[in-house]
Amino acid sequence: MAEASSSLNENRVRNMVIEQYGLTLKLIDEGDIEQLRLWRNSEHVRLKMPNQELISKEQQKSWFRKVNNPNHLYFLLCQNQDAVGCLNIRDINLNNRLG
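Keep in mind the model is a prediction, meaning the values are calculated, not measured.

Caption draft 1: Main features of the sheet that holds strand β3 (residues 73-79). The strand order β1-β2-β3-β4 describes an open sheet built from 4 strands, whose pairing is antiparallel. With partners counted over all chains shown, the strands left at the sheet margins are β1 (17-20) and β4 (82-89), one partner each. Going across the sheet, the axis of each strand differs from the next one's by a mean of 20°, ignoring polarity. Examined bridge by bridge, β1 and strand β2 (residues 23-27) share 4 bridges and lie antiparallel to one another. Across the sheet, the residue bridging to Q20 is L23, located in β2. With respect to the sheet, helix α2 (residues 33-41) is in contact with β3 and β4, its orientation differing from that of β4 by roughly 85°.

Here's what the structure looks like:
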């Protein structure tokens, strides 16, 4: 039964969209990762990152495969249907209510 509950919770998370105050948070999907890569590679963002190298499309896909799981939630922030940023909750531990 715990397995079924876990699967149900995972499906709920995958379909998560939060709308409030004219902003929308939606979980990123593979269709969003190119926009994230372009933002990440822009000079004003890249130079503030620990790894300041340009990220290739393949590196971005690899990153997405690694973080696309219930332990990490990456959201696209939209205002009036336009993507304006992203945020994340990493290393989620539901048992201890940490993330």
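Now that the structure is up, let's keep going.
Caption draft 2: Spatial organisation of unusual backbone geometry. One non-glycine residue, Y21, lies in positive phi territory at about 55°. Turning to its location among the elements, Y21 is positioned in the loop between β1 and β2. A residue is classified by how much of its surface remains accessible, and Y21, at 76% relative accessible area, is exposed. For D91, which is not a glycine, the phi torsion comes out positive at approximately 55°.

What counts and what doesn't
Residues numbered from 1 in each chain as written. Predicted model: local features only at pLDDT ≥ 70, side-chain atom pairs only at ≥ 80, totals over all residues. Heavy atoms only, no water. Pairing = 2+ DSSP bridges. Helix = DSSP H or I, 4+ residues; strand = E, 2+ residues; numbered from the N terminus. Axes fitted to C-alpha atoms, helices over the stretch in contact; angles between N-to-C directions. Contact = heavy atoms within 4.5 Å. Buried < 20%, exposed > 50% of the residue type's maximum accessible area, 1.4 Å probe, protein only.

Geometric values such as these leave the question of function open.
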